[in-house]
Amino acid sequence: MKRPAANNIGSALREAGISRRDFLGFCATLAAAYALPAASVGAIAAALEKAPRASVIWLSFQECTGCTESLTRSHAPTIEGLILEQISLDYHHTLQAAAGEAAEQARMEAMRANAGKYLLIVDGSVPLGNAGYSTIAGVSNVDMLKEVAQGAAAVIAVGTCAAYGGIPAAQPNPTGAVPVSAVINDKPIVNVPGCPPIPVVITGVLAHFLTFGGLPELDDLGRPKIFYGESIHDRCYRRPFYDQGKFAETFDDEGARRGWCLFKLGCKGPVTYNACATTKWNNGVSFPIQSGHGCLGCSQPGFWDMGPFYKALSMPTANVEKAAGIAAAAGVAAGAAMAVANRGKKAAAKAAHAPVTVEDLEKKP
Ligand code: FSX
């Protein structure tokens, strides 16, 4: 792992040749993400510059390493990347040079030296079906999680597997996979779901911890409201087509070529809360819907068991043709008609911030 010589972020930025202007730009982005006034940018910059390196222990359980891949795929050098380097990543299977006993010693030493202060990041789910399903250095995942969480200041569950069980917990859940929150109940836990999560969201939570010395405000599913407060649908640039009742029917029809709404092709954007439509991926280049594919709903609880990827959510499907007919006849937007029909359910779910499943939406009012 790269270990910068600087002992705070300000020095590291200067060593890396990051201009003051670019740094303040990043701080302004953070302030906007955290819904803070513009006047707070200077205070954020000052706090971040002086922030000491925080010790982080990263445990990987039942996962595909996509979360780490996502984080390390950012185009360097980014200020987000620098913040990641600025933490003292004392244990991470994929990124650390040490192996075997030396790696475990590094973990024990970090736990001892930073007791009560280090951050524990977990990706992957925890198998409770059998202790031998997933082990590290001969220790079961559940035992290692409990051991490391004990001295942590907080736990960040990165990825849908760690946050809600994810793919390993999909039916029939052969390993008895559970999320971190099913095992740890005496520490603050932040869920950063997504399969994988957006890199800038992961580093945004880290930056919040470094800047403010605490964790961001969370919703009822343990996710930072600043990134997961709105649905993909509500922030999607194709939303106007939905409201006009203009849908692609296949991936190569005229509607698809014109960039119309992908709802009828199975997009789960209306029931998925994440920042993909605004933060986007690959340094803001694009996100799945912009690339022509519907949202799979990867950051929601129950991911993989929410229904077929390419079957339209049922909330408007029963009404799509009817509403489209009404729209044609009356000159009103079919999507708007459908939106009205479902507004009650959506508003209630948003208010409670409860996950909305396909089954919920299929229930007759
Ligand atoms: Fe899960 Fe992450 Fe999906 Fe993969 O670590 S959230 S399977 S991207 O790798 O845990």
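Worth saying up front: this structure is predicted, and the values here are computed from it rather than measured.

Colleague: I'd like to hear about the sheet that holds strand β9 (residues 189-192), residue by residue, with values.
Modeller: Strand order in the open sheet formed by five strands is β2-β1-β3-β7-β9, and the pairing between neighbours is parallel. Among the strands making up the open sheet, the edge pair consists of β2 (88-91) and β9. Between one strand axis and the next, the sheet turns through 25° on average, direction left out of account. Packing of helix α6 (residues 100-113) onto the sheet brings it into contact with β1 (55-60), β2 and β3 (118-123), and relative to β2 it is tilted by some 125°. Its contacts with the sheet place helix α9 (residues 199-212) against β3, β7 (152-158) and β9, and it is angled at close to 155° to β9.

Colleague: Please give an account of helix α2 (residues 20-33) that cites residues and values.
Modeller: An ideal rise of 1.5 Å per residue puts 20 Å on 14 residues; α2 measures up with 20 Å between its terminal C-alpha atoms. Turning to α2, its buried residues number three or more, namely F26, C27, L30, A31 and A33. The buried residues of α2 occupy one face: seen down the axis, they fall within an arc of 165°. Exposed residues lying more than 90 degrees from the buried face of α2 are R21 and A32. A35 occupies a position one or two residues after α2 and carries a positive phi of about 60°.

Colleague: Describe the environment of V158, and please don't skip the residues or the numbers.
Modeller: Structurally, V158 can be placed in strand β7. C-beta crowding within 10 Å serves as the criterion here: with 30 such atoms nearby, V158 is assigned to the buried category. For the pair V158 and I198, spaced 40 residues apart in the sequence, the C-alpha separation amounts to 10.0 Å. Beyond its immediate sequence surroundings of up to four residues, V158 is in contact with C67, I121, V122, D123, V192, P197 and I202.

Thresholds, definitions, all that
Residues numbered from 1 in each chain as written. Predicted model: local features only at pLDDT ≥ 70, side-chain atom pairs only at ≥ 80, totals over all residues. Pairing = 2+ DSSP bridges. Helix = DSSP H or I, 4+ residues; strand = E, 2+ residues; numbered from the N terminus. Axes fitted to C-alpha atoms, helices over the stretch in contact; angles between N-to-C directions. Contact = placed C-beta atoms within 7 Å. Expected span 1.5 Å × (residues − 1). Buried ≥ 20, exposed ≤ 12 C-beta atoms within 10 Å, placed from the backbone. Arc of directions from axis to C-beta.

Worth remembering: the numbers are spatial, not functional.
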